[in-house]
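Architecture and fold: a report
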Amino acid sequence: FGDVQKLRELKHPSIIVPQSWGYAVPAEQRQPYFVYERIAGGALNGAAFLAKNGPFKLDQWKDLGARLIQTLAAAEQIGVLHLGLKPDNLMFKRTGPTLEFQVNGFGLARAGTALTRRAAAQPDGTSRSAFGPQIALGIDFAAPELVGRGAGRVDVRADIYGFASTMIRLLTNDRPQLLSREHVANDKPLYELLIACRADAPAERPASFADLARFWE
């Protein structure tokens, strides 16, 4: 649970940190669990937000992307990866004219990697773990190296893949694989950036969120 401790010390306003955590079977360090504070005031996760409001407008989407990159860069700087980013892990809440967000699910990163691979290997894409159904829903957003479909060590470039996949879903309300130039108003550099972020080979993606931020601008 070292990542959770680091995030507690970071105290980033856009990152939801578990209030407590542990193992259901502590003697064997099995079945990790996390307890999160309830978010009051009508917050919606990304999937529910899309169902209620439809896909983001391009300008609002670009602003959200820039802010999300800053948030994930802050975690990267302290050595913490998410490894499971998807729309369900973003919580949206409107405060006046501003749409605020927080990133959830960081505490699942280490447990989630093995479970994601297990879910991907099942014929029905599920896992028997309590986290299994949630993880199976994120297969579209998981980098190939997280699900055993690609070579290379797992590093921040897996989160860059998840970021791009999540952002495409929020823009198109469709599977990330179906992105077209029309979705980004025929902005060729932006389209090519999103495609590069979702490259099968980690070496073909931006190397860090700092690099991605420069391209995003």
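Residues numbered from 1 in each chain as written. Predicted model: local features only at pLDDT ≥ 70, side-chain atom pairs only at ≥ 80, totals over all residues. Heavy atoms only, no water.

1. Considering the pattern of salt bridges
Put simply, the test is: When a carboxyl oxygen of Asp or Glu lies within 4 Å of a side-chain nitrogen of Lys or Arg, that pair is called a salt bridge. Secondary structure follows DSSP: runs of H or I at least 4 residues long count as helices, runs of E at least 2 residues long count as strands, and numbering of each begins at the N terminus. Relative accessible area decides the class of each residue, using a 1.4 Å probe on protein chains only: under 20% of the type maximum gives buried, over 50% gives exposed, and in between gives partly exposed.
Evaluation of the coordinates by the stated rule reveals ten salt bridges. Across the pair Lys188 and Glu192 runs a salt bridge whose closest N-O atoms are separated by 3.9 Å. You can see Lys188 and its partner Glu192 sitting in helix H7 (residues 188-197), four residues apart, about one turn around the helix. Look at Lys188 and you get partly exposed, because its relative accessible area is 43%. Three or more residues are tied together by salt bridges with common partners; here these are Asp63, Arg67 and Glu100.

2. A short note on the packing of aromatic side chains
Threshold: Here a pair means two rings of Phe, Tyr or Trp (six-membered ring of Trp) with centres within 6.5 Å. Their orientation is stacked below 30 degrees between planes, edge-to-face above 60, and tilted elsewhere.
Going through the model one piece at a time under the given rule, you end up with six aromatic pairs. With centroids separated by 6.2 Å and ring planes inclined at 90°, the aromatic side chains of Phe163 and Phe209 adopt a geometry described as edge-to-face. A residue pair is termed long-range when its members are at least 10 positions apart, and Phe163 in helix H6 (residues 156-172) and Phe209 in helix H8 (residues 209-216) qualify at 46 residues. With a relative accessible area of 1%, Phe163 lands in the buried category. Judged by relative accessible area, Phe209 falls into the buried class, the value being 1%. Members of the aromatic cluster, joined through ring pairs, are Trp61, Phe163, Phe209 and Trp216.

3. Thoughts on the sheet that holds strand S5 (residues 98-103)
Spelled out, the test is: Two strands qualify as a pair provided DSSP detects at least 2 bridges between them.
The strand order across the open sheet built from three strands is S3-S4-S5, with neighbouring strands paired in antiparallel fashion. This sheet does not close on itself; its edge strands, each paired only once, are strand S3 (44-45) and S5. As paired strands, S3 and strand S4 (residues 90-95) are joined by two bridges and run antiparallel to one another. When the bridges of S4 are listed, Asn45 appears paired with Met91.

4. Let's talk about the nonpolar core
Test applied: Note on terminology: a nonpolar core comprises buried Ala, Val, Leu, Ile, Met, Phe, Trp, Tyr and Cys residues joined through side-chain atoms within 4.5 Å. Contacts were defined at the residue level, with two residues in contact if any of their heavy atoms lie within 4.5 Å.
In terms of nonpolar packing, the biggest core is built from 49 residues, with Trp61, Phe92, Phe163, Leu170, Leu194, Phe209 and Trp216 touching the most fellow members. The leading source of residues in this core is H6, at ten residues. Excluding residues within four positions of it along the chain, Leu194 makes contact with Trp61, Ala164, Ile168, Leu179, Val184 and Trp216.

5. A short note on the confidence of the model for the protein chain
Going by this rule: Predictor confidence is given residue by residue as pLDDT, running from a minimum of 0 to a maximum of 100.
Mean pLDDT over the protein chain stands at 86; residues scoring 70 or higher make up 84%. Note that pLDDT drops below 50 for residues 124-137; the model gives that stretch 24 contacts with residues more than four away or on any other chain.

6. Section: the packing of helix H3 (residues 58-77) against H8
Formally: Axes here mean lines fitted to C-alpha atoms, for a helix over just the part in contact, with angles spanning 0 to 180 degrees between N-to-C directions. Each angle gets one of four labels, with under 35 degrees taken as roughly parallel, over 145 as roughly antiparallel, 65 to 115 as roughly perpendicular, and the rest as oblique. Left-handed describes a crossing in which the near helix is turned anticlockwise from the far one by less than a right angle; the clockwise case is right-handed. Charged residues are taken to be Asp, Glu, Lys and Arg, nonpolar residues to be Ala, Val, Leu, Ile, Met, Phe, Trp, Tyr, Cys and Pro, and polar residues to be all remaining types, Gly included.
Between H3 and H8, whose axes approach to 9 Å, the crossing angle comes to 160°. Classified by the interaxial angle, the pair formed by H3 and H8 is roughly antiparallel. When the axes of H3 and H8 are compared, the crossing they make is left-handed. When H3 is examined against H8, the residues Trp61, Lys62, Gly65, Ala66, Ile69, Leu72, Ala73 and Glu76 are found in contact with a partner set consisting of Phe209, Ala210, Leu212, Ala213 and Trp216. Counted by class, the contact of H3 with H8 contains ten nonpolar, one polar and two charged residues.

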